[in-house]
Amino acid sequence: MKIGIIGYILNPKSGARAAIDLAMSLKRLGHEIFFYAYSIKKDPETIHAFKKAGIKLFLIKKSEIPIFNSIVDFRNLFTLLKRSRLDAVNTHIPLSLFLAPWVAGLPTVLSYHGTQFDVVDERLIEKSPITDAVNAILNVVIYLKTLLPVKLSTKVVGISKFATREVKRLYKRDAVTIYNGNAPEQFLTKGLSPLPQSNEV
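Structure report, in brief. Predicted model, so just to flag it, every value in this text is computed and none were measured.

1. Examining the packing of aromatic side chains
Inference 1: Inspection of the entire model under this criterion finds seven aromatic pairs.
Inference 2: Taking 6.2 Å as the distance between ring centres and 10 degrees as the angle between the ring planes, the aromatic pair formed by phenylalanine 34 and phenylalanine 58 counts as stacked. You can see phenylalanine 34 sitting in strand β2 (residues 32–38) and its partner phenylalanine 58 sitting in strand β3 (residues 56–60), a full 24 residues away along the chain.
Inference 3: Residue phenylalanine 34 is classed as buried on the basis of its relative accessible area of 5%.
Inference 4: Centroid distance tyrosine 143 to tyrosine 171: 4.9 Å. Interplanar angle 20 degrees. Geometry classified as stacked.

The following block contains the structure:
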């Protein structure tokens, strides 16, 4: 199969490693892999490893246009996806980039890493009524931005048992567990046959 994997950045020293490892694993299973990511923080060693493995790499320059940056990024990724003529896409990225394969009409498997709420607390030592209010507003935005990809995806994969349980609890969406970087033979190797229903893979 021709499988596109959409990461955020091409750097294994971050949460983006899951997409990188998955690309390598699927390539070893004999698939034709197309990898898309922003060009920021790219890792030369990973670029070399992809070239050696025969993974086609597309680095997208992140738009710096105020307000319209997400629209520009969406358009650039959408154009690349249409040119690649993929059979399916696996995505690990934010809503703005998730919409590109969805609008392109591609079967999309979302790798769910989890939803992080109360982001203001990470930057402040002391809580206050103001920070609680800001967190409450941001939590709604975070929830909705995650809800759309979860609901619109063809399939959802939890990267851990915890993530699989969380996506069911928060978004009422069934998922299967495929651990970071693991690509068992059941994962999109025979067209788009249903993934195993058990959380054990």
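After presenting the structure, the write-up continues.
2. Here we look at the sheet that holds strand β5 (residues 108–112)
Inference 1: Ordered in space as β3-β2-β1-β4-β5-β6-β7, the seven strands form an open sheet in which the pairing is parallel. Both edges of this open sheet fall to β3 and β7 (176–177), since each of them pairs with a single strand only.

3. Here we look at the pattern of salt bridges
Inference 1: On inspection of all chains with the given rule, the structure shows four salt bridges.
Inference 2: Among the salt bridges present, the one from lysine 56 reaches glutamate 32, with a minimum N-O distance of 3.0 Å. Residue lysine 56 is found in strand β3, and its partner glutamate 32 is found in strand β2; the two are separated by 24 residues along the sequence.
Inference 3: The partly exposed category is assigned to lysine 56, whose relative accessible area is 34%.
Inference 4: Accessibility expressed as a relative area gives 29% for glutamate 32, which makes it partly exposed.
Inference 5: Its salt-bridge partner being arginine 169, residue glutamate 166 comes within 4.0 Å of it at the nearest N-O pair. Linking glutamate 166 with arginine 169, this pair stays in helix α6 (residues 161–171), spanning three residues, or about one helical turn.

Parameters at a glance
- Residues numbered from 1 in each chain as written.
- Predicted model: local features only at pLDDT ≥ 70, side-chain atom pairs only at ≥ 80, totals over all residues.
- Heavy atoms only, no water.
- Phe/Tyr/Trp six-rings, centres within 6.5 Å; stacked < 30°, edge-to-face > 60°.
- Helix = DSSP H or I, 4+ residues; strand = E, 2+ residues; numbered from the N terminus.
- Buried < 20%, exposed > 50% of the residue type's maximum accessible area, 1.4 Å probe, protein only.
- Pairing = 2+ DSSP bridges.
- Salt bridge = Lys/Arg side-chain N within 4 Å of Asp/Glu carboxyl O.

As far as function goes, none of this settles anything; it's purely spatial.
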